[in-house]
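Here is how the chains run, residue by residue.
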Amino acid sequence: MFLEFNLYNPNADLFMVGRIIFEFSSNGGVLPSHSFISTKLYHYSSDFELVIILCELLFIGFNIAFAWIERKKYKVLGRGEYFRDFWTYIELLQLILAYTCIGLFFQRLISVNSIMDKFRSSSKSTYISFYPAISWDMILCYVMGFLIAVATLKSIKLLKFNRRAYMVGDTLSHSRGMLISFLVMATIFGMAFAHFAVMAFGIWMYGYRDLFSSLMTIFNFSLGVSDLPGLQDTNRVLGPAFFVTFVVVVQFCFLTVFVAILNFGISESKAKFLQRKNKFELMDYVRTKAKTFLNIR
């Protein structure tokens, strides 16, 4: 059972879609939840609309130019050499996400205009859900966030001008086997805690209503975000016992083992540090990129 309603604040130009949901689980519990999503659906309603349009045009122009540069680079280097570099896949992913953002932006505009036309023609006698427009806006925000993360990841490429940056890779390389074993053990313990939480607290606590939600709650729990009062109210014995056991096993034992593995990798990578040189000198790198762009052998 759910209740959905729309609100609008003309002073802040914000739309809000609210949903209050009551889920009936398979084990006989009733799990209430709610979501209130606010956003601006009128994209060009502020005093800076010309600046916004200019920035959007610059974004489109930059990605067109970037795609043309990558196409030229592909022709110069050839298929084998072009796809040999790891950063090529990062740049292609950036292009895919950028053009996806452009497509989602226009889809969002179409959805908003369509819903507004339906709302005006309904004469306030029929409920018109704004949730599709809000959903497209949320998807656009998520893809834009992923695009920013990928663009930020490209800044790591600059670290290859410094040999100290390779200590991270050497550390992970030396401790790779132990890290894989540690991740397998952590996964087994995490699944065990998640299954126990679903069976013990899933009827009363929304965060443990199913396995996926329980895993997300367990993950947040390992970061220090916990609900001890809620666990105590649910079960005065199992709640505190679950809390103490998880803290001891995960936040103390597992973190101590993880730090010990990294310390071993760091001690091994220090031996290679003095023998390694910078992969590129800055001016040589700029000169090589300029020759590739200008098709100069």
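Shown above is the structure to which this text applies.
Residues numbered from 1 in each chain as written. Predicted model: local features only at pLDDT ≥ 70, side-chain atom pairs only at ≥ 80, totals over all residues. Heavy atoms only, no water.

### Describing the packing of aromatic side chains
Consideration 1: Taken as a whole, this structure holds 24 aromatic pairs when the rule is applied.
Consideration 2: Considering the side-chain rings of Phe-196 and Phe-242, the 5.9 Å spacing of their centres and the 20° angle between planes classify their relative orientation as stacked. Here Phe-196 is found in helix α5 (residues 176–201), whereas its partner Phe-242 is found in helix α8 (residues 238–273), with 46 residues between them in sequence.
Consideration 3: Overall, the relative accessible area of 3% leaves Phe-242 in the buried class.
Consideration 4: One aromatic cluster is present, built from ring pairs that chain together Phe-193, Phe-196, Phe-201, Tyr-208, Phe-221, Phe-242, Phe-243 and Phe-246.
Consideration 5: Over the ring of Tyr-131 we find Arg-19; its NZ or CZ atom is 3.8 Å from the centre of that ring. (Phe/Tyr/Trp six-rings, centres within 6.5 Å; stacked < 30°, edge-to-face > 60°. Helix = DSSP H or I, 4+ residues; strand = E, 2+ residues; numbered from the N terminus. Buried < 20%, exposed > 50% of the residue type's maximum accessible area, 1.4 Å probe, protein only. Lys NZ or Arg CZ within 6 Å of the ring centre and 35° of its normal.)

### Concerning the packing of helix α2 (residues 86–121) against helix α3 (residues 131–153)
Consideration 1: In contact at an axis separation of 9 Å, α2 and α3 are set at 160° when each is read in the N-to-C sense. Compared by their axis directions, α2 and α3 come out roughly antiparallel. Seen along the crossing, α2 lies across α3 with a hand that is left-handed.
Consideration 2: Taken together, the residues of the contact of α2 with α3 sort by class into 21 nonpolar, 4 polar and 2 charged. (Axes fitted to C-alpha atoms, helices over the stretch in contact; angles between N-to-C directions. Parallel < 35°, antiparallel > 145°, perpendicular 65-115°, else oblique. Left-handed = near helix turned anticlockwise from the far one by under 90°. Nonpolar A, V, L, I, M, F, W, Y, C, P; charged D, E, K, R; others polar.)

### A look at the pattern of salt bridges
Consideration 1: Applying the stated rule across the entire model yields 6 salt bridges.
Consideration 2: The partner of Glu-91 in a salt bridge is Lys-154, and the shortest N-O contact between them spans 4.0 Å. With Glu-91 in helix α2 and Lys-154 in the loop between α3 and α4 (166–174), the pair connects residues that are 63 residues apart, well separated along the chain.
Consideration 3: With its nearest N and O atoms 3.5 Å apart, the salt bridge here joins Asp-117 to Arg-120. Of the two residues, Asp-117 and Arg-120 both sit in helix α2, 3 residues apart, roughly one turn of that helix.
Consideration 4: By relative accessible area, Asp-117 is classed as partly exposed at 47%.
Consideration 5: Among the ionic contacts, a cluster of salt bridges with common partners joins Lys-73, Glu-91 and Lys-154. (Salt bridge = Lys/Arg side-chain N within 4 Å of Asp/Glu carboxyl O.)

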